[in-house]
Structures are given as C-alpha cells and as structure tokens.
Amino acid sequence: MPFRCSPTPTACRASPQTFVPRPRHRQGPRSMRPHRAKAACRRCLIATACLQWALSHPGLTPEGSWAATTARERALLRQRLTARFGKD
Ligand code: SF4
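What counts as what
Residues numbered from 1 in each chain as written. Predicted model: local features only at pLDDT ≥ 70, side-chain atom pairs only at ≥ 80, totals over all residues. Heavy atoms only, no water. Salt bridge = Lys/Arg side-chain N within 4 Å of Asp/Glu carboxyl O. Helix = DSSP H or I, 4+ residues; strand = E, 2+ residues; numbered from the N terminus. Buried < 20%, exposed > 50% of the residue type's maximum accessible area, 1.4 Å probe, protein only. Contact = heavy atoms within 4.5 Å. Axes fitted to C-alpha atoms, helices over the stretch in contact; angles between N-to-C directions. Parallel < 35°, antiparallel > 145°, perpendicular 65-115°, else oblique. Nonpolar A, V, L, I, M, F, W, Y, C, P; charged D, E, K, R; others polar.

**Section: the pattern of salt bridges**
And step 1. Inspection of every chain in the model, using the stated rule, returns one salt bridge.
And step 2. Between E73 and K38 there is a salt bridge, with the nearest N and O atoms lying 2.9 Å from each other. Taken together, the positions of E73 in helix α4 (residues 71-85) and K38 in helix α2 (residues 34-42) put the pair 35 residues apart, joining distant regions of the chain.
And step 3. Given the relative accessible area of 32%, E73 is considered partly exposed.

Below you can see the structure in the form of structure tokens.
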C-alpha cells in the first residue's frame, strides 16, 4: 500500500531523533524517547496507515517507534495477525 503524505508535517518528520534509536555513544538530550514518540503518534492523523505500513514492512521497520508501537509490540502484533489470518 502506498504511504500517503500527510498535509501537515508529522512529528516523526519534524523530530526524527525522537523516533529512531541512536547508538548509545551518539545519544543526546533529544534522542529517542519512546513515551514522547508514542504521545506524538497518538495525535497523528495518519497513524492507522502508518501502523498498516509498518506491520507489512518488518524489514524496513526493525527498530524505532512507528504508530505508537515499539519493535517488540509490532512483532507481537504480527504474530497475532498471522495466527488469526494466516501468513499473507
Ligand atoms: S503515526 Fe507514524 S507517521 Fe504519524 S508521527 Fe507516528 S511514526 Fe510518524
């Protein structure tokens, strides 16, 4: 599914360092903060499409916060969806 652009900049575009983990030695005061990323995603107008895209592209979303989910939460969601609906 193509990922539509939001009419307004999303928080992950405006402040990507909040959403993607950096190596510990390169972390700064604005480095990834899962709770901040989740709060921003909950206000995002395209969160549903973002989650669908993130779940269907595990190779492109192995880390970081997408649609208020962590990598571990997305893996769990994928497992549950696969168990319920099958591999596709
Ligand atoms: S829901 Fe997706 S597009 Fe929206 S701010 Fe979160 S990561 Fe970015």
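**Considering the side chain of T10**
And step 1. Tracing the chain through its elements places T10 in the segment before α1 (11-14).
And step 2. Beyond its immediate stretch of four places on either side in the chain, T10 contacts C44 and I46.

**Some remarks on helix α3 (residues 47-56)**
And step 1. Of all the positions in α3, only C50, W53, A54 and L55 are classed as buried.
And step 2. Close packing links the buried residues of α3 with α4.

**Describing the packing of α3 against α4**
And step 1. Where α3 meets α4, the axes come as close as 10 Å, and the angle between the chain directions of the two elements is 80 degrees. Between α3 and α4, the angle is such that the two are roughly perpendicular. On α4, the residues that touch L51, A54 and L55 of α3 are R74, L77, R78 and L81.
And step 2. Counted by class, the contact of α3 with α4 contains five nonpolar, no polar and two charged residues.

**Things to note about the environment of A39**
And step 1. The residue A39 is located in helix α2 in this model.
And step 2. Here the alpha-carbon distance between A39 and A67, two residues 28 residues apart in the chain, equals 9.7 Å.

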